[in-house]
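Summary of structural features
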Number of protein chains: 2
Amino acid sequence: MAIESWELKAQKGKDILTKSIPKQWLCPDEQLPPVSQKSILDFPRQSGLLSQRELDITDMSATALVAAMGKGELSAEETVVAFLKRAVLGHQLLNFATEFLADEAVARAKELDEYYRRTGKLVGPLHGVPISVKEHVSMKGRTCNTGYVAWVDNIATEDALLLKYLSKAGAIFHVRTNQPQSLMHLCCSNNITGTTLNPHNRTLTPGGSSGGEGASMGFRCAPLGIGSDIGGSIRCPAAFCGAYGFRPTTLRNPSSGLKVAASGQETIRGVVGPLSSSSIEDLALFQKAVLDQEPWEIETSLVPVPWKSVTPTRDMVVGIMWDDGCVRPHPPITRALRHAKEKLVSAGIKVVDWEPYKHQHGWEVISALYYPDAASKQHELLALSGEPARPLTKWAFTYSGTTPQTQTETWALQAKRDKYQEEYHALMKSRGVDFILSPTYPGVAAVMGESQYWNYTAIWNIVDLPSAVFPSGLTVDPVADALTEADRGYVPRGEVDEREWRKYPGPEVYEGAPVGLQISGRRWRDEETLAAATLVEGIIRDGK
Amino acid sequence: MAIESWELKAQKGKDILTKSIPKQWLCPDEQLPPVSQKSILDFPRQSGLLSQRELDITDMSATALVAAMGKGELSAEETVVAFLKRAVLGHQLLNFATEFLADEAVARAKELDEYYRRTGKLVGPLHGVPISVKEHVSMKGRTCNTGYVAWVDNIATEDALLLKYLSKAGAIFHVRTNQPQSLMHLCCSNNITGTTLNPHNRTLTPGGSSGGEGASMGFRCAPLGIGSDIGGSIRCPAAFCGAYGFRPTTLRNPSSGLKVAASGQETIRGVVGPLSSSSIEDLALFQKAVLDQEPWEIETSLVPVPWKSVTPTRDMVVGIMWDDGCVRPHPPITRALRHAKEKLVSAGIKVVDWEPYKHQHGWEVISALYYPDAASKQHELLALSGEPARPLTKWAFTYSGTTPQTQTETWALQAKRDKYQEEYHALMKSRGVDFILSPTYPGVAAVMGESQYWNYTAIWNIVDLPSAVFPSGLTVDPVADALTEADRGYVPRGEVDEREWRKYPGPEVYEGAPVGLQISGRRWRDEETLAAATLVEGIIRDGK
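Residues numbered from 1 in each chain as written. Chains lettered and ligands numbered in written order. Predicted model: local features only at pLDDT ≥ 70, side-chain atom pairs only at ≥ 80, totals over all residues. Heavy atoms only, no water.

Brief notes about the overall build of chain A
Keep this limit in mind: Helical segments are the DSSP runs of H or I of at least four residues, strand segments are the runs of E of at least two, and each set is numbered from the N terminus. For the radius of gyration, the atoms used are the C-alpha atoms, and the globule rule reads 2.2 Å times the number of residues raised to 0.38. Summary of the burial criterion: residues with accessible area below 20% of their type's maximum are buried, those above 50% are exposed, and those between are partly exposed, where the area comes from a 1.4 Å probe applied to protein chains only.
If you tally the helices and strands in chain A, you get 19 helices and 13 strands. Rg of the C-alpha trace for chain A: 22 Å, near the compact-globule value of 24 Å for 544 residues, within the 12% margin. Referenced to the eigenvectors of the C-alpha coordinate spread, the extents of chain A come out at roughly 60 × 60 × 50 Å. The burial tally for chain A puts 63% of its 544 residues in the buried class.

Here's the deal with the sheet that holds strand E13 (residues 514–521) of chain A
Residue and element names in this part refer to chain A. How we decide: When DSSP finds two or more bridges between a pair of strands, those strands are recorded as paired. Orientation is described by axes fitted as lines to C-alpha atoms, over the contacting stretch for helices, and by angles from 0 to 180 degrees between their N-to-C directions. Contacts: residue pairs with any heavy atoms within 4.5 Å of one another.
With mixed pairing, 11 strands are arranged side by side in an open sheet as E1-E3-E2-E6-E8-E7-E12-E13-E11-E9-E10. Only two strands of the sheet have a single partner each, and these edge strands are strand E1 (97–100) and strand E10 (350–353). Sheet twist, expressed as the average angle between the axes of neighbouring strands with direction ignored, equals 30°. Where strand E2 (residues 130–134) and strand E3 (residues 172–177) come together, 5 bridges link them in parallel fashion. Bridge pairing in E3 places proline 130 opposite isoleucine 172. Seen against the sheet, helix H16 (residues 455–463) touches strand E6 (224–229), strand E7 (244–247), strand E11 (435–438), strand E12 (467–475) and E13 and runs at an angle of roughly 20° to E13.

Observations concerning the confidence of the model for chain A
In plain terms, the rule: Note: pLDDT gives the predictor's confidence per residue, expressed from 0 to 100.
Residue-level pLDDT values for chain A average 97, and 100% of them are 70 or greater. This prediction of the complex comes with two scores: 0.97 for pTM and 0.96 for ipTM.

Here we look at the packing of aromatic side chains
Ring pairs (aromatic) are described by centroid distance and by the angle formed between their planes. Definition in use: Aromatic rings from Phe, Tyr and Trp, with only the six-membered ring used for Trp, were paired whenever their centres fell within 6.5 Å, and each pair was classed as stacked if the ring planes differed by under 30 degrees, edge-to-face if by over 60, and tilted otherwise. For a ring to carry a charge above it, either NZ of a lysine or CZ of an arginine must fall within 6 Å of the ring centroid while also lying within 35 degrees of the normal to the ring plane.
Applying the stated criterion across every chain, the model contains 36 aromatic pairs over all chains. Measuring from ring centre to ring centre gives 5.8 Å for Tyr148(A) and Trp151(A), while their planes differ by 80°; the resulting arrangement is edge-to-face. Residue Trp151(A) is classed as buried on the basis of its relative accessible area, which comes to 16%. Aromatic side chains Tyr453(A) and Tyr456(A) sit 6.0 Å apart centroid to centroid with 70° between the ring planes, which places their arrangement in the edge-to-face category. As far as the burial class goes, Tyr453(A) and Tyr456(A) line up, both buried. Connected via pairs of aromatic rings, a cluster forms that spans Trp354(A), Tyr357(A), Tyr420(A), Tyr424(A) and Trp460(A). A cation sits over an aromatic face here: Arg431(A) above Trp354(A), 4.3 Å from the ring centre. The aromatic ring of Tyr490(B) is capped on one face by Arg328(B), whose charged end is 4.5 Å from the ring centroid.

Quick look at the packing of helix H11 (residues 331–346) of chain B against helix H19 (residues 526–542) of chain B
Residue and element names in this part refer to chain B. We apply this condition: Roughly parallel means an angle under 35 degrees; roughly antiparallel, over 145; roughly perpendicular, 65 to 115; everything else is oblique. Under the grouping applied here, Gly and all other residues not named as nonpolar or charged are polar, the nonpolar ones being Ala, Val, Leu, Ile, Met, Phe, Trp, Tyr, Cys and Pro and the charged ones Asp, Glu, Lys and Arg.
At a minimum axis distance of 8 Å, the contact between H11 and H19 shows a crossing angle of 100°. Between H11 and H19, the interaxial angle falls into the category roughly perpendicular. Across the interface between the two elements, His339, Ala340, Lys343 and Leu344 of H11 pack against Val536, Ile539 and Ile540 of H19. Grouping the constituent residues of the contact of H11 with H19 by class yields 5 nonpolar, 1 polar and 1 charged.

As for helix H10 (residues 280–291) of chain B
All names here are of chain B. Applied cut-off: Expected helix span is taken as 1.5 Å per residue step, with the number of steps being one fewer than the number of residues.
Under the 1.5 Å per step criterion, the end-to-end length of H10 is 17 Å for 12 residues, consistent within 8% with the ideal 16 Å. For H10, a buried count of 9 out of 12 residues is recorded, marking the element as mostly surrounded by other parts of the structure. Within H10, burial applies to Ile280, Asp282, Leu283, Leu285, Phe286, Gln287, Ala289, Val290 and Leu291.

Section: the relation of the copies chain A and chain B
We apply this condition: Superposition of the copies used a least-squares fit over C-alpha atoms from residues whose pLDDT is at least 70 in both.
Once chain A is rotated about the relating axis by 180° and shifted along it by 0.0 Å, it coincides with chain B to within an RMSD of 0.0 Å. In the structure described here, the two chain copies are related by an operation that fits a two-fold rotation axis. Of the interface residues in chain A, 100% have counterparts in chain B that sit at the interface too, so the contact is made through matching surfaces.

Overview of the UniProt feature "active site" (unreviewed entry) in chain A
All names here are of chain A. Threshold: UniProt positions are given in the numbering used here, feature names are shortened, and annotations may be inferred rather than shown by experiment. Polar contacts here mean pairs of N or O atoms no more than 3.5 Å apart (in protein, one a potential hydrogen donor and the other a potential acceptor; neighbouring residues in sequence count only if both atoms are side-chain atoms).
Under the UniProt annotation, the feature "active site" (unreviewed entry) is placed at Lys134, Ser209 and Ser233. Spanning 100 residues, the named residues form one tight spatial group whose C-alpha atoms are at most 10.9 Å apart. Structurally, lysine 134 can be placed in strand E2. Lysine 134 gets classed as buried once you look at its relative accessible area, which sits at 0%. Setting aside anything within four residues of it in sequence, one finds lysine 134 in contact with Thr177, Gln179, Leu183, Ser209, Ser210, Glu213, Ile226, Gly227, Ser228 and Ser233. Mapped onto the elements, serine 209 comes out in the loop between strand E5 (194–195) and helix H8 (211–218). Each residue touching serine 209, except ones within four places of it in the same chain, is listed here: Lys134, Asn178, Gln179, Pro180, Leu183, His185, Cys187, Cys188, Ser228 and Ser233. There is a polar contact of 2.6 Å between the side chain of serine 209 and the side chain of lysine 134.

Looking at the environment of Asp542(B)
For Asp542(B), the location among the structural elements is in helix H19. In the structure, Asp542(B) is positioned 69 residues away from Gly473(B) in sequence and 9.1 Å away in space, judged by C-alpha atoms.

Quick notes on the pairing of strand E8 (residues 271–276) of chain A
Residue and element names in this part refer to chain A. The buried count for E8 comes to 6 of 6 residues, which makes it a mostly enclosed element. Here E6 runs beside E8; their pairing, made up of 6 bridges, is antiparallel. Following the sheet pairing, leucine 224 is matched in E8 by serine 276. Sheet topology places E7 next to E8; 2 bridges connect them, and they run antiparallel. Bridge pairing links glycine 245 to leucine 275 in E8.

A look at the pattern of salt bridges
Short version of the rule: For this document, the term salt bridge refers to a Lys or Arg side-chain nitrogen within 4 Å of an Asp or Glu carboxyl oxygen.
Per the stated rule, a full pass over the model turns up 74 salt bridges over all chains. Residue Lys358(A) is joined to Glu423(A) by a salt bridge in which the shortest nitrogen-to-oxygen separation is 3.5 Å. Taken together, the residues Lys358(A) in the loop between E10 and helix H12 (359–370) and Glu423(A) in helix H15 (residues 407–430) connect sequence positions 65 residues apart. Of the charged contacts, one joins Arg45(B) and Asp59(B) as a salt bridge, the two residues approaching to 3.9 Å between their closest N and O atoms. Of this pair, Arg45(B) sits in helix H2 (residues 43–47) while Asp59(B) sits in the loop between helix H3 (52–58) and helix H4 (62–70), and the two are 14 residues apart along the sequence.

Focus: the interface of chain A and chain B
What counts here: Computed with a 1.4 Å rolling probe, the buried area is the accessible surface lost when two parts are put together, summed over both parts.
The interface is formed by 37 residues belonging to chain A together with 37 residues belonging to chain B. Here chain A packs against chain B, burying approximately 3,000 Å² in sum over the two surfaces, 51% of which is carbon and sulfur. Per-residue buried area on chain A facing chain B is highest for Thr300(A), Gln407(A) and Trp411(A); these three make up 24% of the total on that side. The interface formed by chain A and chain B holds 6 salt bridges in total. Inspection of the region where chain A meets chain B yields 20 residue pairs in polar contact (both at pLDDT 80 or more). Counting only elements with at least two residues in the side of chain A that touches chain B, the list comes to helix H13 (376–385) and H15 of chain A. Considering each element in turn, the side of chain A that touches chain B owes the most residues, 13 residues, to H15(A). Per-class residue counts for the side of chain A that touches chain B are 11 nonpolar, 15 polar and 11 charged.

Observations regarding unusual backbone geometry
All names here are of chain A. Each neighbour pair has its own omega, and for glycine 208 with serine 209 the value is 0°, a cis peptide bond. One non-glycine residue, leucine 251, adopts positive backbone phi at about 65°. Inspection of the secondary structure assignment puts leucine 251 in the loop between E7 and E8. Since its relative accessible area comes to 16%, leucine 251 is described here as buried. With phi around 60°, alanine 375 is a residue other than glycine that occupies positive phi space. Here alanine 375 is to be found in the loop between H12 and H13.

Quick notes on the UniProt feature "domain: Amidase" (unreviewed entry) in chain A
Following the UniProt record, the feature "domain: Amidase" (unreviewed entry) maps to residues 78–530 of chain A here. Across residues 78–530 of chain A, the secondary structure splits into 36% helix and 14% strand, with the terminal C-alpha atoms separated by 30 Å.

As structure tokens, then:
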């Protein structure tokens, strides 16, 4: 078969990755676990390639790392080296990176250490914290391809604004991470660097579109990561990989310099936000470090709402959404929600059932607003290189139909979007519910290529609720999650419900997969949502 | 000539107005000043139709009225009756109303008085304040035609959200006011209730699109009014009529229930805001009364930024924009700016020249974004009734071309819009300028039908700066504003500059017209802008 010209171009993108890998930390092929080994979570320890100190460092949260550096117990250099080593292993096992930035990261760490030695102070609240970065977040002088072969030669002229703030706060960027073609899969596969795997079970997807970040967090290649989310792209990888993720309310975090196919489109606004391998606290640390720098002074479309400190309060009402009325969650998800309810009730938190409000309607509106132009820009980009559309790309492109909407059709949808958002908000108030605890996805991490149902996350994009994902502490259980007779007798409410229900023949397929949950607060209440998530997670995992 | 069916329908709209006029307060035709009399500002006093107390009441600001009612020196009923009487005269002289609400207003005033008698308290910060309301702001059970004959039968099912808040704060709505066909003239003329005149000189326009409000404020038919602004529609009428007006930053005031042709369009966001016959202080009173009720809790697309109290400070830098680089202001405007500069400098305020930044580019972007659909919705509405497009409607419809943009063309323009806004903001910061003092329009109130150049106001819509308009205290002067030899030798920079310059053959045409000025602050700094405007106006008018 002849090599197509797009393949030659894609190879350039792959070459950038290959060349960037710090070879000194590669695990010899013969020492790698067999491809058939599903979970590789223990490999860093088992392999002996990381020292105990490196293992300890990579087990720490960003908050803990900064505290240790502030006491002089840890250097930025040893921190970044430890995470780089782990990231190299992670990449060999999961194919999650698009480019390593080892030399620059170590050089920056040395600068930070020098600053600390000289002044006895940290440069900022993220001093020495390694952060992995989704590829479509521009880095000056580096390629930014956003998962398109056509953009393999595109060189960013400037750092994304978010990176400038994070860097000023002391963060170090050591690795860039993979994303799916079009950025519109809850999966992570493109024609340049290929497919990323889930560290808990390599037959499953890490989720997407920030799938490289999901893998990075799940394998602890960095304490913090940067993802973006227009329908679940931060939250789904966090949940699939047993990590933490936060989708802030729109117009709070700066998104200048995130390369997308259709810039200037605002029918549905994507957001950029953090993922964490360790804690909700780290997500708040990230948010505070950015918003304390007042990004609205540069990116003027942002709202001038400073980040405020919020103490978690037990005086709250949590509504549990067991099912969105469209697609039934798989048994592990329902079990995790039951577990959560029990723990919350025991802890004295007021818990009610949350009746979903027109989620099918919400999906119809948001899906139509993803591609009002029938994805013309995206089709152009594919045509430009000649690369084939991947199956989940084709799937996403069907969302808004095949003919462009007229401007006035789009405006009518926007009016529906705003009305739905207002109705949902009014409902939370009239029901007295402060936070909604819900599935992140119908199931745990999907089988590769099977992640088709977005609306457990996309619904909060259209309603624009700040939403955090955290691990419930449970993983798929071969006994507890077996299909019951009642399950086997379930009569789906329609085609989509049936399609999704069939994806759960039983727990075996999802061996080892963690169960993440999602908590959403009212619009703009990002700080309160993270505070509540901290409390709720603590109660669910530790009962306190 | 046969009567067209649209004329019959338009007549229904006019009949609503005619029937609503409280006949007991009409001035007999024979006592009205001759049609040829230009200024009718003194008619309320000269006519003897208002008592001295009524004249005194209608001379008061909203702030003063509320204070007097709080002391029991004034009832809401006598207040609203005084303003109603003045409004009826005003309507006979200026044709500014679309509907009077006399019975309801008096009934509401009695309720307020009863409340005060019973409790000794005011119901809220706008207790008993009569407010005139631009017609396209929906009132439950009443028609809402937005200046289109096609909508003469459209009955609103709910009050606009803004009216609910104002009413709760104690305001009384006593008259609805005229607007141009399409809402897109800086003039005030439609096929239903006709053309509104300027109280300072009835051969001139009161401006638009909130032209009925301009006349209402200029003739003191209400202490406060409600307008809307997507290119100057609050500020231009305020300036043309010697009144005050405020265009807040977008997404602060609630606009639910403002009827427009293309709802859901957000390429350029219009805003709703106050006009005042008396003071900047009243504009802030209005804003505070609304925002203290947290409208973002209902209209969730608004930003959750509470109104804050700001004390004016003299420690500020005011940049004066003498000319926008495209169209030269007429002599009265330049004289008012010179006067302003002199007073400000004398008062010790730091004043610099503001060099405009790419205003032609700004206009090209905003004008293309007004009608990305080539005004299809507006054309549909005209076709629906068969009413003819008025000349300034046709003029506005040319702004965005005659073929609809593709979605991606619109998105590219939106990206340009945001970039321009960011660049302008960065420039204000790097130049250290806090506020920009500028013309509101190339001239004073335009000759009827001649108001074509929008960009002294529209520029702040695209940059999204909060902007207040206030009277400079100067009016057109037959001597001081005569064309000089230098003026006569002015070589325009192009067609548009020439067209606008030719509209000033000399001061005679504009006899009696007031000169308004505009002051704009940085985005979101609405409170600071009104505080600065209070200070600047005081200095310019009284030297202190």
